[in-house]
Amino acid sequence: MASHHHGHGHGHGHGHHHVDLEAGDRRVAGAIAVNLALTLAQIVGGLVSGSLALIADALHNLSDAMSLIIAFAARKIARRPADAEMTFGYGRAEVVAALVNYTTLILIGLYLGYEAIARLFAPEPVAGWIMVWIAGLALVVDLVTAALTYSMSKDSVNIRAAFLHNLADALGSVAVIVAGVAVLVFGWAWVDPVVTLGIAGYILWMSLAQIGGVIRILMLGAPPDLDTRAVLGHLREVEGVASVHHVHLWQMQENEPALDAHVAVHEGRWSEADAIKSRIKRSLGERFGIGHVTLEMECAAHACQGAEAIGHG
């Protein structure tokens with residue numbers, strides 16, 4: 001857990017930290033168990049009642065359980081300290097997990113959409129009561145799981161993915177209940193594939209919206225909330241800095257911006273290089289929350305000539 005000492009001013013004491021993590025782990029484990037049980041009930045119910053919407057909701061719930069399992073494993077892995085093989089530590093396990101998760105969801109969404117459209121052209125009879133009861137049960141479970149993961153979703157891209165799934169599931173379950181009632185009252189079997197399409201569309205929309213940020217971290221993109229030009233401008237204005245080049249700004253993992261740069265010190269001020277370096281580090285931390293800063297100091301007289309400001313160049 002050493003990664004939290006960068007002084008971002010989150011103000012959390014370290015004494016209670018691993019108690020929180022243990023409790024968090026138990027919550028996630030509980031949520032996984034419940035979601036797996038529910039998935040089974042929904043698949044059986046969907047097969048018995050002939051409702052594709054129930055099966056759509058079940059697959060969504062299964063993806064939930066899977067996302068929680070991946071999140072759970074990634075949380076454990078992410079806490080391992082850095083070692084000789086993984087010198088950056090294991091924090092990115094969560095980001096990789098989120099990528100796997102959203103990719104799977106996109107495939108599930110496409111499959112459900114395809115099945116639902118096929119059903120619209122060849123309707124099948126549906127048993128409404130079973131749909132309503134099982135979707136009702138699912139709704140309760142989704143709300144409980146959402147409540148369990150909500151408080152943890154604020155600081156992890158991973159648990160947030162799981163929380164969003166649960167919220168989506170709760171909506172999916174409401175939609176299935178509505179479809180079941182429509183089948184019971186009006187005998188409208190077509191409502192079932194229509195609801196399925198809605199669930200599939202939602203799964204796709206949500207996953208595609210979220211996967212971009214995850215890919216950005218893995219591609220070593222600059223943190224979305226930091227303006228790279230502003231950071232560069234700020235670096236150049238630090239007293240004693242002649243020029244800055246070879247700047248890399250990326251995220252080590254979610255909420256952990258890092259910066260590498262070559263800094264040329266004005267001629268004749270080389271004796272102040274260390275002071276200038278610590279001034280830069282302090283100001284980057286205070287102003288931009290960049291806690292991981294690596295600087296290569298050079299004398300302006302011998303600095304790389306014509307180097308690119310950003311990248312290796």
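First, a word on what this report is: a plain description of the structure on this page. The structure displayed is predicted, hence computed values, not measured ones. (Residues numbered from 1 in each chain as written. Predicted model: local features only at pLDDT ≥ 70, side-chain atom pairs only at ≥ 80, totals over all residues. Heavy atoms only, no water.)

Turning our eyes to something else, we now look at the pattern of salt bridges. As enumerated under the stated definition, the model contains four salt bridges in all. Measuring nitrogen to oxygen at the nearest pair gives 3.7 Å for the salt bridge that ties D192 to R119. Of this pair, D192 sits in helix α6 (residues 191–218) while R119 sits in helix α3 (residues 93–121), and the two are 73 residues apart along the sequence. Here the two residues D192 and R119 agree in accessibility, since each one is buried. (Salt bridge = Lys/Arg side-chain N within 4 Å of Asp/Glu carboxyl O. Helix = DSSP H or I, 4+ residues; strand = E, 2+ residues; numbered from the N terminus. Buried < 20%, exposed > 50% of the residue type's maximum accessible area, 1.4 Å probe, protein only.)

This next bit is on the nonpolar core. Of all hydrophobic cores here, the largest spans 29 residues; its most connected members are Y102, L112, M131, V176, V195, I199 and I203. Counting residues per element, the ones that place at least two in this core are α2 (52–78), α3, α4 (128–150), α5 (157–186) and α6. The dominant element in this core, judged by the number of residues it contributes, is α6, at ten residues. For I199, the residues in contact, after removing those within four places along its chain, are A53, A56, D57, H60, G172 and V176. (Core = buried A, V, L, I, M, F, W, Y, C linked by side-chain atoms within 4.5 Å. Contact = heavy atoms within 4.5 Å.)

Two numbers describe how α2 lies on α6: the axes approach to 8 Å, and their chain directions differ by 20°. Looking at the two axes, α2 sits roughly parallel to α6. Every pair of crossing elements has a handedness; the one defined by α2 and α6 is left-handed. Here α2 contributes L52, A53, A56, D57 and H60 to the contact with α6, which in turn contributes D192, V195, T196, I199 and I203. Tallied by class, residues from the contact of α2 with α6 come to six nonpolar, two polar and two charged. (Axes fitted to C-alpha atoms, helices over the stretch in contact; angles between N-to-C directions. Parallel < 35°, antiparallel > 145°, perpendicular 65-115°, else oblique. Left-handed = near helix turned anticlockwise from the far one by under 90°. Nonpolar A, V, L, I, M, F, W, Y, C, P; charged D, E, K, R; others polar.)

The next thing to look at is the environment of A261. Within the fold, A261 resides in strand β2 (residues 257–265). Residues A261 and I310 lie 49 residues apart in sequence; the distance between their C-alpha atoms is 8.7 Å. Those residues in contact with A261, other than ones at most four positions away along the chain, are V244, H245, H246, V247, T294, L295 and E296.

Bringing the pairing of β2 into the picture now. In terms of residue burial, β2 counts as a mostly covered element, since seven of its nine residues are buried. Of the pairings in the sheet, the one linking strand β1 (residues 241–251) to β2 comprises eight bridges and is antiparallel in character. For V244, the partnering residue across the bridge sits in β2 and is V263. Inspection of the sheet shows β2 paired to strand β3 (residues 292–299) by eight bridges, in the parallel sense. The residue bridging A264 from the neighbouring strand is E298, located in β3. In this view, the connection linking β2 to its parallel neighbour β3 by way of helix α8 (residues 273–288) has right-handed handedness. (Pairing = 2+ DSSP bridges. Right-handed = clockwise from strand over helix to strand, strands pointing away.)

In short, the description is geometric, and any link to function would need to be established separately.
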